[in-house]
Amino acid sequence: MQLNGSLFGAFILILQCLQLVQAENLIQATGLTQCSDSAEVTVNNFNAVFTPSNKSISIAFDGYSEVAGDVYIDVDLLVYGYKAFTKTFDPCSLDLAVFCPMKAIELQIPTITQTLGDSVLSQIPSIAYSVPDIDAVIRLKLKYKNGGKQIACLETRVRNGKSVYQAGVSWTLAIITGFGLVTSTVISLLGHSNTATHLAFRSLAFLGFIQTQAMAGMCSMKLPPFVQSWTQNMQWSLGIVRSDALQTIATWFQRATGGIPSAVMTSAGSISVVLQKRSMIHRRDAEPGRQILLRGIERVGIRDSIELTNIFMTGYLFYYFITAVVVACVGLVLVVRAVLAKKQTLLPKLDRAVTVTADWKTILRNTFFRLACIGYPQMCILCLWELTRRDSAAEIVLAITMWLVTTAVLAFAAFKVFQRAIRSKQQHNTPAYTLYSDPATLNQWGFLYIYYRAPVYYFLVPTLVYTIVKGMVIAFAQPSPVAQSIVLLVLELAMMLATAIIKPFMSKGANVVAITMTVLNSLNTIFLLVFSDVFDQPELMTGILGVIFFILNALFTLVLLIYLLVGMVYAIFLKKPDTKYKPLGDDRDSFRWSRTGTTTELSSLEKIARGEEDAEGHPHPARAVTAPPSDEDVSMAARRPYNDVVDPSLPLFPTSYDHTRRQS
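Residues numbered from 1 in each chain as written. Predicted model: local features only at pLDDT ≥ 70, side-chain atom pairs only at ≥ 80, totals over all residues. Heavy atoms only, no water.

- Looking up the protein in an unreviewed UniProt entry gives the name ML-like domain-containing protein, with the organism given as Penicillium flavigenum.
- Quoted straight from UniProt, the Subcellular location (unreviewed entry) entry for the protein says "Membrane".
- We quote the UniProt Sequence similarities (unreviewed entry) comment for the protein here in full: "Belongs to the transient receptor potential (TRP) ion channel family." (UniProt positions renumbered as here; feature names shortened; annotations may be inferred.)

Let's talk about the nonpolar core
Reasoning step 1: By size, the foremost hydrophobic cluster in this structure holds 144 residues, and its most contacted members are M218 and Y449.
Reasoning step 2: The dominant element in this core, judged by the number of residues it contributes, is helix α4 (residues 193–217), at twelve residues.
Reasoning step 3: In this structure, Y449 is in contact with V417, L435, Y436, T441, L442, Y457 and L460, ignoring residues within four places of it in sequence. (Core = buried A, V, L, I, M, F, W, Y, C linked by side-chain atoms within 4.5 Å. Buried < 20%, exposed > 50% of the residue type's maximum accessible area, 1.4 Å probe, protein only. Helix = DSSP H or I, 4+ residues; strand = E, 2+ residues; numbered from the N terminus. Contact = heavy atoms within 4.5 Å.)

Some remarks on unusual backbone geometry
Reasoning step 1: Of note, the phi angle at R390 is positive, near 55°, even though the residue is not glycine.
Reasoning step 2: Looking at where R390 falls in the secondary structure, it is placed in the loop between α11 (376–389) and α12 (393–428).
Reasoning step 3: Even without being a glycine, D533 presents a positive backbone phi close to 65°.
Reasoning step 4: Along the chain, the position of D533 falls in the loop between α17 (508–531) and α18 (539–573).

Looking at the pairing of strand β1 (residues 27–30)
Reasoning step 1: Side chains I27 and A29 of β1 all project onto a buried face; the interleaved residues Q28 and T30 project onto the opposite face, where all are buried too.
Reasoning step 2: The pairing of β1 with strand β3 (residues 41–51) spans four bridges and is classified as antiparallel. What sits directly across from Q28, in β3, is V49.
Reasoning step 3: Judged from the two bridges that link them, β1 and strand β9 (residues 150–159) form a sheet pairing that is antiparallel. Following the sheet pairing, Q28 is matched in β9 by R159. (Pairing = 2+ DSSP bridges.)

Looking at the confidence of the model for the protein
Reasoning step 1: Counting all residues, the mean pLDDT for the protein is 76, and 73% of those residues have values of 70 or more.
Reasoning step 2: Within the model, pLDDT remains below 50 along residues 345–358, and this stretch shows 33 contacts once partners closer than five positions in the same chain are excluded. (pLDDT = per-residue confidence, 0-100.)

Describing the side chain of Q213
Reasoning step 1: Here Q213 lies in helix α4.
Reasoning step 2: The exposure class of Q213 is buried, given its relative accessible area of 1%.
Reasoning step 3: Other than its neighbours up to four places away in sequence, Q213 contacts W230, T231, M234, N553 and T557.

As for the pattern of salt bridges
Two side chains that carry opposite charge are able to pair once their charged atoms sit near each other.
Reasoning step 1: Counted under the stated rule, the structure contains seven salt bridges.
Reasoning step 2: With a shortest N-O distance of 2.8 Å, R139 and E539 are connected by a salt bridge. Linking R139 in strand β8 (residues 136–144) with E539 in helix α18, this pair joins segments that are 400 residues apart in sequence.
Reasoning step 3: Looking at R139, the relative accessible area reads 14%, which means it is buried. (Salt bridge = Lys/Arg side-chain N within 4 Å of Asp/Glu carboxyl O.)

A few points about the environment of A250
Reasoning step 1: With respect to the helices and strands, the residue A250 is situated in helix α6 (residues 244–256).
Reasoning step 2: Along the sequence, A250 and E307 sit 57 residues apart, while their C-alpha atoms lie 9.6 Å from each other.
Reasoning step 3: With near-sequence residues (within four places) excluded, A250 lies in contact with N310, M313 and L317.

A word on helix α16 (residues 481–502)
Reasoning step 1: Helix length check: α16 (22 residues) gives 31 Å between terminal C-alpha atoms against 32 Å at 1.5 Å per residue, within 8%.
Reasoning step 2: When α16 is considered as a whole, its buried residues turn out to be P481, Q484, S485, L488, L489, L491, E492, M495, M496 and T499.
Reasoning step 3: Buried-residue contacts for α16 involve α15 (460–476) and α17.
Reasoning step 4: Count one or two residues on from α16 and you reach K503, which has phi positive near 50°. (Expected span 1.5 Å × (residues − 1).)

So, the packing of aromatic side chains
Given two aromatic rings, one states the distance between the centres and the angle between the planes to describe the pair.
Reasoning step 1: Using the criterion set out here, one finds 15 aromatic pairs in the structure.
Reasoning step 2: Look at W230 and F550: their rings are 5.5 Å apart centre to centre, the planes differ by 80°, and that puts the pair in the edge-to-face class. Remark: F550 occurs in helix α18 and W230 occurs in helix α5 (residues 225–232); sequence separation between them is 320 residues.
Reasoning step 3: Judged by relative accessible area, W230 falls into the buried class, the value being 10%.
Reasoning step 4: Both rings, one in F312 and one in Y316, keep their centres 5.6 Å apart while their planes meet at 40°; by these two values the pair is tilted. One end of the pair is F312 and the other is Y316, both in helix α8 (residues 311–341) and four residues apart, which spans about a single turn.
Reasoning step 5: Judged by relative accessible area, F312 falls into the buried class, the value being 1%. (Phe/Tyr/Trp six-rings, centres within 6.5 Å; stacked < 30°, edge-to-face > 60°.)

Details of helix α10 (residues 360–374)
Reasoning step 1: When the terminal C-alpha atoms of α10 are compared, their 21 Å separation across 15 residues agrees well with the 21 Å that a helix rising 1.5 Å per residue should span.
Reasoning step 2: By the burial criterion, the buried members of α10 are T362, I363, L364, N366, T367, F369, R370, L371, A372 and I374.

Observations regarding the pairing of β8
Reasoning step 1: Extensive coverage of β8 is indicated by the burial of seven of its nine residues.
Reasoning step 2: Bridge count between strand β5 (residues 71–79) and β8: nine bridges; the pairing is antiparallel. Looking across to β8, one finds that L78 is bridged to V137.
Reasoning step 3: In terms of strand pairing, β8 meets β9 through eight bridges, oriented antiparallel. Bridged to R139 within β9 is E155.
Reasoning step 4: In textbook terms, the turn of a hairpin is the stretch between consecutive antiparallel strands, and for β8 and β9 this stretch comprises five residues, one of which, G147, has a positive phi near 95°.

Structure, rendered in structure tokens:
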């Protein structure tokens, strides 16, 4: 086994270079990839694992060499792009017969295990086992002794078992987001509409920023380990969730519809999965004994242990699972409301929630509208990406249908909002009148515009267009990381300028959060552009920017998390949480109907604010002459509920009204 000993000796030298690297109780290298255009040395499969606890190393190698002659090898260790160690050695000095001289031969080594001596272990510092997602690369350059011409360049990324990607982080973010949305529902039902609106905005802002980070992780450029692992924590927001049940269903469905499932995960022991590389031909699948390069969406799926052909179906089925859970929760709420409505002794705060009989058909329909809005970024990416993947004919049909349906639903909702806003502006000189005084409009379509200032309701269109274009770029530009990053940069800069100039959101605090978010998204796309190697920057710069990307996004995620938690504390523990929020800057509150069923001085003031009466209580003459009651006003009055409308603050649980119940 002279060949085995020779390769083992070469890898020991590599391990001796690990002076600043690795973490935990594991050092692993998977895949030797080309770092030059030369193909004289081919590596099909390479895997090396060093465990310091038992001082053992296991190596598996499969490759082929077309080089013949005397060579020497340059070994470079790069930590975050910084060349920390360089050594040149002659293979003959290590008694590596296969390299002395180099022979054109097929190299196949099954998995072997050897024990290292204490002299080798002492050269590996303890920091090597504690830094998560350390960006360390070992680069091997083969050169001829005569003339020093480089023959080949091979490199492997060294990693350890520690990572910032943790399932606990993903679960925590998901639970807090869901709890924020549910809390805003309860607060809305209790009558604190202003608090519920702000809390829902905070929850959706938090979810939206998580989704943008997940989208960055789906981009196809080479991402540093820190960026890969951090963005992987956010992939649940786009439906990338590992579940054995989902994997089984997705594989079965693909086979049943004529597709051929991939076997990357089941063949992990016989192939090398390379998650990033500077320049290498992309290969979609791999046979045993071969390497496979993954990037973008495929890289995200494999890191979550999802087969390549199951990524789309995983997101698709996860969306339906969430829909089923939400519908079940809505049904439970309707049942509870119906039971409480029959009781005679009710808590005053629950009066608004139970005095109206729910129209369950309307509630379920509006719930689907809101779920389509929240899940639209996911569908724009996965459904359109499936058109390029083509896992099976049936999955292509599902992808096209889902994307067209969700797009049509949101386009229809936007059309209805514009239709009512334009009519309201023509009749009442302000779009806020119908948008905020008509219960049907507010509760059916309010989830699209409730967070914007009343005069800037139209900003919902740029938001939807931004989501569509971003999803298309991420889905269709996977083979072109440079073009993908450039288009994303232009798109994010346009969104940042529009948000900063128009300031569309309902309050100063909301605008500050939104503008900061768009600025950080634009900065992230600049990082992605650098990661695409369009500037041919030094690797040290790439490593530093990867750490900065992680720090900035982690800090802002923490800020948004605190922002959301503070809102939930206000909503849960304060008796009058609305006092914590200033009245909104637009005139939406002037057009909301009285909460009581009797005529009071306050209701008279409301009528004056709406322009229905003058200061003496007489009908406004200008309105009587120029704006007689329209069919819409009559219809709206017929729909007016017994109590004040409940704002659609929560985008999952809309309210409904019994059209037969009237104010006595």
